[in-house]
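Tertiary structure, described
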Amino acid sequence: MPDPAARDAAEEASAFSHPAVAPDASAAYGAHPDQVVDFYAPRDGRQSAPLVVALHGGAWRAPYDRQHLTPFVDFLARRGFAVANVEYRRGSDIPRQGGAAPVAGRWPETFDDVAAALDAVHDLAAEHLPQADPRRTVLTGHSAGGHLALWAAARHVLPAGSPWRLPAAPALRGVVSLAPIAHFERAAELAVCGGAVTELLGGTTDFDARAAHADPALLLPTGIATTVVQGRTDIVVPPAVADAYVDAAAKAGETVGFTLLEDVGHFPLIDPAADACAVVAEEIAQLAW
């Protein structure tokens, strides 16, 4: 049996080995440099295509931006999708005192940005990506981005008074969430990504109050078709986190699709060279077409 850490490192190296792919157009949804969406037209030339809105991962930490997701985004464009690759404000580059890793996320800016981007993306696409059909919009995201995709689809069930709450469900065909940090309590128990969930919410003092506005497992049911794709051998965001989310959905009376891929870790889901990436594209297609 291969060493799990060595296997994860090899899978990460493969996913990050592809050169970044430049967008066909970019547009700002705010004044901050990170408030931008990159657009990718379908590579087969079709003039009407489902719109996939993609949110990158990286534990909500500043060193990881949307560029590492561009090979995956281009892979979807080559499958005939119109794609919007969203950037958002993330945590500090500088580790906290006594820590080794950069701080994860910003409260509330990370959520402000994702909400603003999703509110603006259809209008921006109409101008910069006319091939996109807004009636066939699917959200996807990987890891921390998988969390953000689930959260963005659940804004209509946020607590009353939340600044991000929508009056009605967003116009989505569904969500395909990839190895998501989808259940905060379980992720915190497992210290996923070096305790990134706790850092995202600003520490332990306000954890419970803020989790009520940020934890997808507490924002159920959504009434929106949702599929989680997870690698069984993932040691970055272990399957137990997705399991806990799917169980929470079932207890809330909602069925969440759960595709568990054998012999797959965290990074093949967004690696165009991996078979798992084709599975992801098919899951998106099943909701979009």
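The text that follows walks through the structure, step by step, so that each part is easy to find. Starting afresh in each chain, residues are numbered from 1 along the sequence in its written order. Predicted model: local features are reported for residues with pLDDT of at least 70 only, side-chain atom pairs are reported and counted for 80 or more only, and whole-chain, interface and lining totals are derived from all residues. Heavy atoms throughout the structure, all of them, feed into the side-chain values; hydrogens and water do not.

1. Points about unusual backbone geometry
A cis geometry characterises the amide bond from Trp 107 onward to Pro 108, with omega recorded as 5 degrees. Positionally, Pro 108 belongs in the loop between strand 4 (82-86) and helix 3 (109-128). The linkage connecting Leu 220 with the following residue, Pro 221, adopts the cis geometry, with an omega of -5 degrees. For helices the rule is a DSSP run of H or I covering at least 4 residues; for strands it is a run of E covering at least 2, with both sets numbered from the N terminus onward. In this fold, Pro 221 is placed in the loop between helix 7 (207-214) and strand 7 (226-231).

2. A short note on the packing of helix 3 against helix 4 (residues 144-152)
An axis is simply a line fitted to the C-alpha atoms; with a helix, the fit covers only the stretch in contact. Between two such axes, the angle follows the N-to-C directions and lies from 0 to 180 degrees. Two elements in contact, helix 3 and helix 4, have axes separated by 11 Å at closest approach and are oriented at 60 degrees. When the axes of helix 3 and helix 4 are compared, the pair comes out oblique. Judged by the sense of rotation from one axis to the other, the crossing of helix 3 with helix 4 is right-handed. In this structure, helix 3 contributes Thr 110, Phe 111, Val 114, Ala 115 and Leu 118 to the contact, and helix 4 contributes His 147, Leu 148, Trp 151 and Ala 152. Per-class residue counts for the contact of helix 3 with helix 4 are 7 nonpolar, 2 polar and no charged. Each angle receives one of four descriptions, namely roughly parallel if under 35 degrees, roughly antiparallel if over 145, roughly perpendicular if within 65 to 115, and oblique otherwise. Crossings are assigned a handedness: left-handed for a near helix turned anticlockwise from the far helix by less than a right angle, right-handed for a clockwise turn. Here, two residues are considered to be in contact whenever any of their heavy atoms come within 4.5 Å of each other. Side-chain classes follow a simple rule in which Ala, Val, Leu, Ile, Met, Phe, Trp, Tyr, Cys and Pro form the nonpolar group, Asp, Glu, Lys and Arg form the charged group, and the remainder, Gly included, forms the polar group.

3. Here we look at the layout of surface pockets
In this structure, the largest pocket spans a volume of roughly 340 Å³. Lining the largest pocket are 19 residues, and of these Gly 58, Ala 59, Tyr 64, Cys 193 and Val 236 lie nearest its centre. Put simply, the second largest pocket is a space of about 170 Å³. Whether a set of points on the 1 Å grid over the protein atoms alone is a cavity depends on a 1.4 Å probe fitting there but being unable to get out, while an open set qualifies as a pocket with protein on both sides within 12 Å along at least five of seven lines; lining residues are those with an atom within 4 Å of a point. Every residue lining the second largest pocket is listed: Leu 118, Asp 119, Val 121, His 122, Thr 137, Leu 139, Ala 152, Arg 155, Leu 166, Pro 170, Ala 171 and Leu 172. Mapped onto the lining of the second largest pocket, the elements with two or more residues apiece are helix 3 and strand 5 (132-142). The dominant element in the lining of the second largest pocket, judged by the number of residues it contributes, is helix 3, at 4 residues. Grid points are joined across faces, edges and corners, and a volume is the space filled by probe spheres set on the points.

4. Considerations on the packing of aromatic side chains
Between rings of Phe, Tyr and Trp, where Trp is taken as its six-membered ring, a pair exists when centres lie within 6.5 Å; planes separated by under 30 degrees are stacked, by over 60 edge-to-face, and by other angles tilted. A complete count under the given rule lists 8 aromatic pairs for this structure. With a centroid separation of 5.8 Å and 75 degrees between ring planes, the pair formed by Phe 16 and Phe 267 is classed as edge-to-face. With Phe 16 in the loop between helix 1 (4-15) and strand 1 (25-28) and Phe 267 in the loop between strand 8 (257-261) and helix 9 (275-288), this pair connects stretches of sequence that are 251 residues apart. Judged by its relative accessible area of 37%, Phe 16 falls in the partly exposed class. Counting every residue linked through ring pairs, the aromatic cluster contains Trp 107, Phe 111, Trp 151 and Trp 164. Relative accessibility thresholds used throughout: buried, under 20% of the residue-type maximum; exposed, over 50%; partly exposed, between the two (1.4 Å probe, protein chains only).

5. Considering the nonpolar core
Of all hydrophobic cores here, the largest spans 65 residues; its most connected members are Phe 39, Trp 60, Trp 151 and Tyr 245. Excluding anything up to four places from it in sequence, Phe 39 contacts Pro 23, Asp 24, Ala 25, Ala 27, Val 83, Ala 84, Val 121, Leu 124, Ala 125, His 128 and Leu 129. What we call a nonpolar core is a set of buried Ala, Val, Leu, Ile, Met, Phe, Trp, Tyr and Cys residues that are connected through their side-chain atoms within 4.5 Å. Core analysis: the next-biggest nonpolar cluster, separate from the first, contains 28 residues, Phe 75, Leu 178, Ala 179 and Cys 277 among them.

6. Concerning the environment of Phe 184
In this structure, Phe 184 sits in helix 5 (residues 184-189). As a C-alpha pair, Phe 184 and Ala 117 span 67 residues in sequence and 23 Å in three-dimensional space.

7. Regarding the sheet that holds strand 2 (residues 36-40)
Following DSSP output, two strands are said to pair if at least two bridges run between them. On the basis of which strands lie adjacent, the open sheet formed by 8 strands has the order 1-2-4-3-5-6-7-8 and mixed pairing. Edge strands, defined here as strands with exactly one partner in the open sheet, are strand 1 and strand 8. The mean inter-strand angle of the sheet, taken between neighbouring strand axes irrespective of direction, is 20 degrees. Seen against the sheet, helix 9 touches strand 3 (49-55), strand 5, strand 6 (174-178), strand 7 and strand 8 and runs at an angle of roughly 165 degrees to strand 6.

8. Observations regarding the pattern of salt bridges
Salt bridges are identified by distance alone: a Lys or Arg side-chain nitrogen within 4 Å of an Asp or Glu carboxyl oxygen. Counting across every chain of the model gives 17 salt bridges. As a salt-bridge pair, Arg 66 and Asp 38 come within 2.6 Å of each other at their nearest N and O atoms. Linking Arg 66 in the loop between strand 3 and helix 2 (70-78) with Asp 38 in strand 2, this pair joins segments that are 28 residues apart in sequence. Asp 38 shares its class with Arg 66; the two are buried. Three or more residues are tied together by salt bridges with common partners; here these are Asp 34, Asp 38, Arg 66, Glu 87 and Arg 90.

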